[in-house]
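Reading the structure
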Amino acid sequence: MRLLLITFLFALNSFSQMEKRSVISMPEMNLVFTGFDNLIQLAVIDKQMRKVKLECASCDKLQRIENTNQWVIRVDSVKPVLLQVKNKAGKVIDEMNIIVVDPPRPFIQLNSQFAFEDVTEIPNKISLKMYGPIPLSINYLIKKWSFKIGNEIYEGSGSSISVQVQEELINFKSGLVTMSIVYLDPFGEKQLTEHVKIDLP
């Protein structure tokens, strides 16, 4: 399961200067996804690491990677999360509220084309993929699928589209069909349905 990198940049000046400024920044993404390990990095030189600690009361997992300036956190449900950096005396140097969200659902792809776009070539393969720059790597297993073309429903399993469905789509040529997919992700079995616009030449 891929680790998401969230970077906490600390000023590399003296520790006293560090306490006078905001020391937490998240230049990449100010959120974490539920159910995934997220990598937290404190950009602090080794001798300063002994003077600070990272705390997160509402995290389900908070573990420092030994001999590094990195921690792994995980949050298993959507809830308020407060990250705090404290000095050796327990004084809060800085803190930040982190946005926690569930991973977005995937979208159906036919061949390499998202199904919410006009499908302009005969599809032979189904896959699932998140849309947009989401820094998650999730494997989806397609268990079964169905196409509703006109008044007829055609079913199959796995990621390959049967020759029969391909022929029916060629005859259908243009219009809306309904696809339903049952799939597995790291959290269990799920189902999604999409309307697909077919526009074959």
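Below is a short write-up of the structure. (Residues numbered from 1 in each chain as written. Predicted model: local features only at pLDDT ≥ 70, side-chain atom pairs only at ≥ 80, totals over all residues. Heavy atoms only, no water.)

**Comments concerning the pairing of strand β5 (residues 61-64)**
Pairing geometry for β5 and strand β6 (residues 70-74), over four bridges, is antiparallel. Bridged to Arg64 within β6 is Trp71. (Pairing = 2+ DSSP bridges. Helix = DSSP H or I, 4+ residues; strand = E, 2+ residues; numbered from the N terminus.)

**Section: the sheet that holds strand β7 (residues 81-87)**
Read across the sheet, four strands follow the order β2-β8-β7-β4 without closing on themselves; strand pairing throughout is mixed. Pairing within the sheet leaves two strands with one partner each, and these edge strands are β2 (31-33) and β4 (52-55). Strand after strand, the sheet turns through a mean of 30 degrees between neighbouring axes, direction not considered. With four bridges connecting them, β4 and β7 associate as antiparallel partners. Counted as the bridge partner of Val52 is Asn87 from β7. (Axes fitted to C-alpha atoms, helices over the stretch in contact; angles between N-to-C directions.)

**Examining the pattern of salt bridges**
Per the stated rule, a full pass over the model turns up ten salt bridges. For Lys79, the salt bridge goes to Asp60, with nearest N and O atoms at 3.3 Å. With Lys79 in the loop between β6 and β7 and Asp60 in the loop between β4 and β5, the pair connects residues that are 19 residues apart, well separated along the chain. Classification of Lys79 by relative accessible area gives partly exposed; the value is 26%. Where Asp118 meets Lys197, a salt bridge forms, and the shortest distance between an N and an O atom there is 3.9 Å. Here Asp118 is found in the loop between β10 (113-114) and β11 (126-129), whereas its partner Lys197 is found in strand β15 (residues 188-199), with 79 residues between them in sequence. Using a relative accessible area of 34% as the deciding quantity, one classes Asp118 as partly exposed. Connected through shared salt-bridge partners, Asp37, Lys61, Arg74 and Asp76 make up one network. (Salt bridge = Lys/Arg side-chain N within 4 Å of Asp/Glu carboxyl O. Buried < 20%, exposed > 50% of the residue type's maximum accessible area, 1.4 Å probe, protein only.)

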